[in-house]
Every structure is written in C-alpha cells, then in structure tokens.
Amino acid sequence: MERLWTPWRMRYVGGEAREPGCIFCLRPAGDDDVESLILHRGTTAFVIMNLYPYNTGHVMVVPYQHAATLADLPPETVTEVFGLLPWVTAAQQRTLRCEGFNIGLNIGSVAGAGVADHLHVHVVPRWEGDANFMPIVANTMVLPELIPVTYAKLRAELVVSGLGREADDRALPQAGAVVLVPEERKVAIRRARDGSLVLPKGHIEPGEAAWQAAVREVGEEMGLRAQVAGWAGSSRFTVDGEEKLVAYLTVTAEPGPDWDAHLGVDTLLLDPEEAVAALTHDAARDILRAALDRAGSLLGAGA
C-alpha cells in the first residue's frame, strides 16, 4: 500500500490555523477570488486551491450548499461536483505535467475531514517519487513554487480550456501577460503592427499550457525572459469578426539576448501609471490596474 504522508497538516487539522465560521461558505461569499484562491465558480459548486496542500496543485471541488454528506445535496449539485473533475484534472495535467492523482472525499471527522460539516472533494496531483524522505522522515513538504504562481497557472488553463463556457462558444483561446521588469521598476507593453499599444498575447500551441504560451509570447514579441508571478485577469473581445478569449498572467521579466532589437521598436518600458494610460484598449487598462494592485510591490516601494 502506498501512503501519501502529510504531517505538516496537523496544525490545520488540530484547529490552530482555522478562522471562525465555515471556510467553504466564507470564501465564495467574498468578492476577491484571487485572494480566496477560488479558481472557478460554477452554478452549484466551485473550485478552490488548498492553502495547506498535500502536494503542489492540490485543489478542492466544493458545493456552495453547506452539507456534510452526499445524501444532503440535491442531484444537480452532485452532478456538477463530479462533472467538474475531468476538467480540473485535465487542466492540472497540462499545467503541472503530473503523472497521476489522488481524488477523494473524507466524510466525517473520523474519516479525516478537516472541515467535516461542509463536504469537499480533494484533487491531489501526484508525481513519481513525490512521497520521498522529506515529508516522511523530515516532516517537511517541498513545494517547488509559490501558491499564487500555481494558482495563476491553473486558473489560466481553466479559463482557456472551456470550463464554464457555453457549448456554442467559439471564442479562440489565447494567453497573454502583464509584464513587470523589476530591475527597471517598469512595465513593458507592446506596440502592435497597427500602432496600438497592447499587452503581449498570442495563440496557444497544441500540447502547450496557457502559462507556457504567455511566457513564450513575451520572449518572441518583446525579447524578455519571463517567469510567472501571479494571475492578472481575462478578457474577451472581437477582432476582424473573430472572437478571442485571453487569459493574462502577471510575469516578471529580464532582458534576453534579443532585447536590444525590441526596446523602443515594438516594446516600451514605462512607469506603471504611464503604462496604464498608454494602453489603447480599456479592457487592457483594467487588467493592468488590477495586476498592479496585487503585484505592484514586485516593482519596488512606491511602484
């Protein structure tokens, strides 16, 4: 029998880290999904990241209804909860390249449920060798990236994968980025072929995760080496009769080998407020403002 040991969760299970009230009722009642780590809101259920993960990318599918058992939920809620699992696991595989999953419910405190009175389904990505000596012997879980970064990658994938979209929605999925250059304390924006000033974005190649497409586009269009820092937002618009749906991630970047060929030509470095004002489209300005509100500190004090 293989065991996934998680001794670092004892603080949570023991109640030391809990806040008053039911966390699965409080989180969706709020209005900041990024702060709450909510990845997707459905009709009767939502997807949220686990703040005390068993493993990287650990999420939960949760009904809005406060219910302790499956029998307490109406059939349509049960259908949506379990219907979300294929979408979520597919997004995790593309984003994290995981090799398997542990999926399950702990119903009742005796079964190990940390929040026993509000049912939730755990979806835990697994990799060969992830239950190594660190969590088993050293009581230490090694998470390779910050939770906001994993959140951004997963949310972008869920946005472009079609989760929550109507069956006849033909919008072309794309990925883009809000590009912060901490070394210069600037924001990088792109001059498009028609002269408009935009956030970099582009198509997603087959087999490519949305976050990978965003990083690639920043390199190709701006000559910058980027890494994901957080979630920026999404936008839907129509160009030449074609509707597009773009998931934007916030990235931090540094000059790449082709940087000099882009700077001042198709790439501008501006102060944050100047960048917001310079962007041609209102939707892009809104996304940049929101991203700066969350991640402006990445540019240094006073950004």
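Quick caveat, the model's predicted, so the values are computed rather than measured.

Engineer: Please explain the environment of R126 as it appears in this structure.
Structural biologist: On the secondary structure map, R126 appears in strand β5 (residues 121–126). For the pair R126 and N55, spaced 71 residues apart in the sequence, the C-alpha separation amounts to 7.4 Å.

Engineer: In this structure, what is going on with the packing of aromatic side chains? I would like to understand it.
Structural biologist: The description of an aromatic ring pair uses the distance of the two centres, along with the angle that the planes make with each other. Taken as a whole, this structure holds 1 aromatic pair when the rule is applied. In this arrangement the basic side chain of K153 is found over the ring face of W211, its NZ or CZ atom lying 3.9 Å from the centre.

Engineer: How should I be thinking about the UniProt feature "active site" (unreviewed entry) in the chain in this particular structure?
Structural biologist: Feature annotation in UniProt assigns "active site" (unreviewed entry) to the following positions: H120. Relative to the helices and strands, H120 is located in the loop between β4 (100–105) and β5. Judged by relative accessible area, H120 falls into the buried class, the value being 7%. Of note is the side chain of H120, whose polar atom sits 2.8 Å from the backbone oxygen of H118.

Engineer: Explain the pattern of salt bridges to me, please; I cannot follow it from the model alone.
Structural biologist: Should the charged atoms of two oppositely charged side chains come close, the side chains can pair. For the coordinates displayed, the defined rule picks out 11 salt bridges. Linking R225 and E254 is a salt bridge whose minimum nitrogen-to-oxygen distance equals 3.6 Å. You can see R225 sitting in strand β10 (residues 224–239) and its partner E254 sitting in strand β11 (residues 242–255), a full 29 residues away along the chain. Of the residues examined, R225 reaches a relative accessible area of 46% and is grouped as partly exposed. Exposure remark for E254: the relative accessible area of 42% places this residue in the partly exposed category. Taking the shortest distance from any N to any O, the salt bridge between E243 and R236 comes out at 3.3 Å. The partly exposed category is assigned to R236, whose relative accessible area is 39%. Through salt bridges that share partners, E208, R216, E217 and E220 make up one connected network.

Here is what the cut-offs are and how they apply
Residues numbered from 1 in each chain as written. Predicted model: local features only at pLDDT ≥ 70, side-chain atom pairs only at ≥ 80, totals over all residues. Heavy atoms only, no water. Helix = DSSP H or I, 4+ residues; strand = E, 2+ residues; numbered from the N terminus. Phe/Tyr/Trp six-rings, centres within 6.5 Å; stacked < 30°, edge-to-face > 60°. Lys NZ or Arg CZ within 6 Å of the ring centre and 35° of its normal. UniProt positions renumbered as here; feature names shortened; annotations may be inferred. Buried < 20%, exposed > 50% of the residue type's maximum accessible area, 1.4 Å probe, protein only. Polar contact = N/O pair within 3.5 Å; in protein donor to acceptor, adjacent residues only side chain to side chain. Salt bridge = Lys/Arg side-chain N within 4 Å of Asp/Glu carboxyl O.

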